[in-house]
Amino acid sequence: MEPAALERFHSPGKGNGLRSRRSMRPGELLYRDVPFAYVLSKQQLGSVCERCLRRNENLHRCSQCKVAKYCGRTCQKEAWLDHKQECKCLKSIEPNFPPDSVRLAGRIVFKLLRQSVCPSEKLYCFSDLQSNTEQLSEEMKDGLRHLAQTLQLYLKTEIQDESQLPPAIDFFQIFTKSHKKVPFGKVPQD
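Residues numbered from 1 in each chain as written. Predicted model: local features only at pLDDT ≥ 70, side-chain atom pairs only at ≥ 80, totals over all residues. Heavy atoms only, no water.

Remarks on helix 3 (residues 138-154)
Turning to step 1, where the next piece is worked out: With 17 residues, helix 3 should reach 24 Å at 1.5 Å per residue; the first-to-last C-alpha distance of 24 Å fits that figure.
Turning to step 2, where the next piece is worked out: Looking at the buried positions of helix 3, the neighbouring elements they touch are helix 1 (73-93), helix 2 (100-114) and helix 4 (171-176). (Helix = DSSP H or I, 4+ residues; strand = E, 2+ residues; numbered from the N terminus. Expected span 1.5 Å × (residues − 1). Contact = heavy atoms within 4.5 Å.)

Below, the structure is given as structure tokens:
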């Protein structure tokens, strides 16, 4: 279904959503697109290609950071725009390794800084996501502040001064935006 056949709506107390403007058959695909940003979980690194997400026994690792692995040159080249800055950050903190959420937030920051447009943003863009700060306990806020500090340390080779970032990029707010962690599963083969 094309984005024009869907509409955005706000449900008080529940947040934003999408709904069809026409009748649907059970099981009919509503919408599919590429994600704005994603990372493999630490457990999946090394067994799945970072670009196409296919399992492969013979992956080739990035010669710089030695973390990212790809099926071959094509996947590596296609992933380079998203991996280039991340690669430098991963190298700068070795032998440490950031949590998955910090790596994901890093990719979001780099994509926002590039002002890169993602097809999935036809319906929603990152700035449309709602912060749920007011619903968090102080303990949760402290945990997110810690993640924001970890993100700042992780990105310091690429972003020396957080105050130079556009106001829309706030490390703490990135972690408070509503999102769902999608478990790694079987990837459809198109």
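Quick word on the packing of aromatic side chains
Turning to step 1, where the next piece is worked out: One pass over the structure, following the stated rule, counts zero aromatic pairs.
Turning to step 2, where the next piece is worked out: Stacked on the ring of F36, the Lys or Arg K111 has its end atom at 5.3 Å from the ring centre. (Phe/Tyr/Trp six-rings, centres within 6.5 Å; stacked < 30°, edge-to-face > 60°. Lys NZ or Arg CZ within 6 Å of the ring centre and 35° of its normal.)

Thoughts on the state of the cysteines
Turning to step 1, where the next piece is worked out: Enumeration over the complete set of coordinates arrives at zero disulfides.
Turning to step 2, where the next piece is worked out: Left without a disulfide partner, C65 is nearest to the cysteine sulfur of C62, which lies 3.9 Å away. (Disulfide = S-S within 2.5 Å.)

Digging into the pairing of strand 2 (residues 15-20)
Turning to step 1, where the next piece is worked out: With six bridges joining them, strand 1 (residues 6-11) and strand 2 adopt antiparallel strand pairing. Opposite L6, over in strand 2, you have S20 as the bridge partner.
Turning to step 2, where the next piece is worked out: In textbook terms, the turn of a hairpin is the stretch between consecutive antiparallel strands, and for strand 1 and strand 2 this stretch comprises three residues, one of which, G13, has a positive phi near 85°. (Pairing = 2+ DSSP bridges.)

Some points on the side chain of T133
Turning to step 1, where the next piece is worked out: Mapped onto the elements, T133 comes out in the loop between helix 2 and helix 3.
Turning to step 2, where the next piece is worked out: In this structure T133 comes out as buried when scored by relative accessible area, which is 17%.
Turning to step 3, where the next piece is worked out: Only 2.7 Å separates the side chain of T133 from the side chain of S131, close enough to count as a polar contact. (Buried < 20%, exposed > 50% of the residue type's maximum accessible area, 1.4 Å probe, protein only. Polar contact = N/O pair within 3.5 Å; in protein donor to acceptor, adjacent residues only side chain to side chain.)

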